[in-house]
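Chain residues, written in single-letter form:
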Amino acid sequence: TQVLRKSLQSGLVLSTGSFLVYEAHKLIFGFAKVHASFKVEEVIEQADYLYGSGETEKLYRLLVQHKNSDDAELLWRLARASRDLAQLSSTSAEEKKQLTYDSLEYAKKALEKNESNSAAHKWYGICLSDVGDYEGIKTKIGNAIVIKEHFQRAIELNPKDATTIHLIGIWCYSFAEMPWYQRKIAATLFATPPTSTFQEALRYFHMAEEADPNFYSKNLLFLGKTYLKLNNKKMALLWLSKAKEYPAQTEEDKQVQKEALELLNSI
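About the criteria used
Residues numbered from 1 in each chain as written. Predicted model: local features only at pLDDT ≥ 70, side-chain atom pairs only at ≥ 80, totals over all residues. Heavy atoms only, no water. Helix = DSSP H or I, 4+ residues; strand = E, 2+ residues; numbered from the N terminus. Buried < 20%, exposed > 50% of the residue type's maximum accessible area, 1.4 Å probe, protein only. Axes fitted to C-alpha atoms, helices over the stretch in contact; angles between N-to-C directions. Left-handed = near helix turned anticlockwise from the far one by under 90°. Contact = heavy atoms within 4.5 Å. Expected span 1.5 Å × (residues − 1). Salt bridge = Lys/Arg side-chain N within 4 Å of Asp/Glu carboxyl O. Polar contact = N/O pair within 3.5 Å; in protein donor to acceptor, adjacent residues only side chain to side chain.

(A) Local environment of unusual backbone geometry. The phi dihedral of Asn214 falls on the positive side, at around 60°, and the residue is not glycine. In this fold, Asn214 is placed in the loop between helix 11 (198–211) and helix 12 (217–229). With relative accessibility at 42%, the residue Asn214 sits in the partly exposed group. For Asn231, which is not a glycine, the phi torsion comes out positive at approximately 60°. Among the structural elements, Asn231 can be located in the loop between helix 12 and helix 13 (233–245).

Structural data, given as structure tokens:
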């Protein structure tokens, strides 16, 4: 064959038998690679179906089998599933902590595998923030700039991702309402401590709503809460009512409904 002739011309002595073995190996290896990628797509499709159905525990069991995968798409989904399982009220405090740290490791690995993956940046930021809950206020504030940088990078890579825009809004809201003693800690950690305003938070919440209207009960709730902080009761009532009426599909949706109702009753 032409390939064999070229091999001989370049001084590589290759017997017909070994050449056939080499070609067979290439075919088998190539098929294995195609088969492996097909399997990854299959798992992702199944995972997205379970996520959409709110099957948190089944989703985690499916994805944790692939924790040693090199696929960023699988890994960030595992980070999300681990975090979602940690958030369930049925999860013990010990399991919650373990899952929280695991989720950060999976998100970190997803980023290492593909730095251009928007969702990996988003979930790394979320999981890093969650770990801060276990490591104290100093660590949480210290991580704040890194968290925001990952959210901003996620938006650069996927400008229409309403969830990440919402998360920057939450970041701004948190710093706008930060108590004085936390501001003091921030001042010791940074030459210029991160700050924000409720107006800035509101801008992001509205941007998220424009990107994907009615996509998330918590965005509706925070629009209402931010308007309350800005003493605009009329707009607060509008958005809190929307949050209260949002169809509850998850535990978080139910918590949002409860908080929205409490705030509406307090106005």
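There's plenty left to go through after this.
(B) Spotlight on the packing of helix 4 (residues 72–87) against helix 6 (residues 118–135). The N-to-C vectors of helix 4 and helix 6 enclose an angle of 30°; their axes lie 9 Å apart at closest approach. Every pair of crossing elements has a handedness; the one defined by helix 4 and helix 6 is left-handed. Here helix 4 contributes Trp76, Ala79, Arg80, Arg83 and Gln87 to the contact with helix 6, which in turn contributes Ala119, Ala120, Trp123, Ile126, Cys127 and Asp130.

(C) Structural view of the environment of Asp70. If you trace the backbone, Asp70 turns up in the loop between helix 3 (56–64) and helix 4. Separated by 43 residues in the primary sequence, Asp70 and Lys113 have C-alpha atoms spaced 6.4 Å apart.

(D) Focus on helix 11. Relative to the 20 Å expected for 14 residues at 1.5 Å per residue, helix 11 spans 20 Å between its end C-alpha atoms, a close match to the ideal helical length. Buried residues along helix 11 sit in contact with helix 9 (162–176), helix 12 and helix 13.

(E) Looking closely at the environment of Tyr60. With respect to the element layout, Tyr60 can be found in helix 3. Its relative accessible area of 17% is what places Tyr60 among the buried residues. In this view, Tyr60 contacts Leu78, Ala81, Ser82, Leu85 and Leu99; residues no more than four positions away in its chain are not counted.

(F) Main features of the pattern of salt bridges. Going through the model one piece at a time under the given rule, you end up with 11 salt bridges. Put simply, Arg153 and Glu115 hold a salt bridge, and the shortest N to O gap is 3.4 Å. With Arg153 in helix 8 (residues 144–157) and Glu115 in the loop between helix 5 (93–113) and helix 6, this pair connects stretches of sequence that are 38 residues apart. When the shortest N-O distance is used, the salt bridge between Glu259 and Lys225 registers 2.9 Å. Residue Glu259 is located in helix 14 (residues 251–266), and its partner Lys225 is located in helix 12; the two are separated by 34 residues in the primary sequence. A relative accessible area of 27% places Glu259 in the partly exposed class. One network of salt bridges, in which partners are shared, links Asp48, Glu73 and Arg77.

(G) Focus on helix 6. For helix 6, spanning 18 residues, the distance from its first C-alpha to its last is 26 Å, which sits close to the expected 26 Å at 1.5 Å a residue. Here helix 6 lies mainly inside the structure; 14 of its 18 residues are buried. The opening residue of helix 6 is Asn117, an N-cap whose side-chain oxygen sits 3.1 Å from the backbone nitrogen of Ala119. Following helix 6 by one or two positions, Gly136 adopts a phi angle in the positive range, close to 95°.

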